[in-house]
Amino acid sequence: MNRITVVIERSEENFSAYVRGIDGISATGHTMDEIKKSVASSIDDFVAGCIDLGCEVPDELSSDYEINFELDIQSFLTIYEGIFSKSGLEKLTGINQKQLWHYAKGLSKPRMEQRQKIETALHQLGHELISLSL
């Protein structure tokens, strides 16, 4: 199965997305759900357009594929601000709230080490939640 990466970035009024390595596929949305639907539609339209025009469909899209979504820290903090509080993220990551606020507002960009801390903490939380039964 092929894996494609959709990069999601903050724009002025919403979020924009594109498929890394494949020109011509882009999408927008205000929420992750909107972006996912918009990207799926853009990929379908792109493949259909290639077929209709007799163009070659990129290898990554010519068979089954899995989509990996990649967010920068500012976009993540903005999209999920109603779910993850700065206080809660501080407890998960060990990064203080003021620094998280700076990342969310785009006043500073996190170093690779800080990005890794956030990603690792979120993955650990996800694994913990998946293992629970209620």
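This one's a predicted model, so the numbers in the text were calculated from it and none came from an experiment.

(A) Just the overall build of the protein chain, in detail. Regarding its fold elements, the protein chain presents five helices and four strands. For the protein chain, the α and β elements follow one another from N to C terminus as β-β-β-α-β-α-α-α-α. By its C-alpha atoms, the protein chain is 55 × 40 × 25 Å across when sized along the principal axes. Burial statistics for the protein chain: of 134 residues in total, 31% are counted as buried. Residue pairs at least 24 apart in sequence account for 46% of intrachain contacts in the protein chain once pairs closer than 6 positions are excluded.

(B) Highlighting the pairing of strand β1 (residues 2-10). Of the strand pairs in this sheet, β1 and strand β4 (residues 65-71) are connected by seven bridges, and their pairing is parallel. If you follow Val6 over to β4, its bridge partner there is Phe69. Between β1 and strand β2 (residues 15-19), which pair antiparallel in sequence order, lie four residues.

(C) Summary view of the packing of aromatic side chains. Enumeration according to the criterion identifies three aromatic pairs in this entry. Here the aromatic rings of Phe76 and Tyr80 are separated by 5.4 Å at their centres, their planes lie at 40°, and the arrangement is tilted. Overall, the relative accessible area of 23% leaves Tyr80 in the partly exposed class. Between Tyr80 and Phe84 the ring centres are 6.4 Å apart and the planes differ by 70°, which places this aromatic pair in the edge-to-face class.

(D) Layout of the state of the cysteines. Evaluated as defined, the whole model comprises zero disulfides. Looking at the unpaired Cys50, the closest cysteine sulfur is the one in Cys55, lying at 5.4 Å. We classify Cys55 as partly exposed; its relative accessible area is 42%.

Cut-off values and rules
- Residues numbered from 1 in each chain as written.
- Predicted model: local features only at pLDDT ≥ 70, side-chain atom pairs only at ≥ 80, totals over all residues.
- Heavy atoms only, no water.
- Helix = DSSP H or I, 4+ residues; strand = E, 2+ residues; numbered from the N terminus.
- Buried < 20%, exposed > 50% of the residue type's maximum accessible area, 1.4 Å probe, protein only.
- Contact = heavy atoms within 4.5 Å.
- Pairing = 2+ DSSP bridges.
- Phe/Tyr/Trp six-rings, centres within 6.5 Å; stacked < 30°, edge-to-face > 60°.
- Disulfide = S-S within 2.5 Å.

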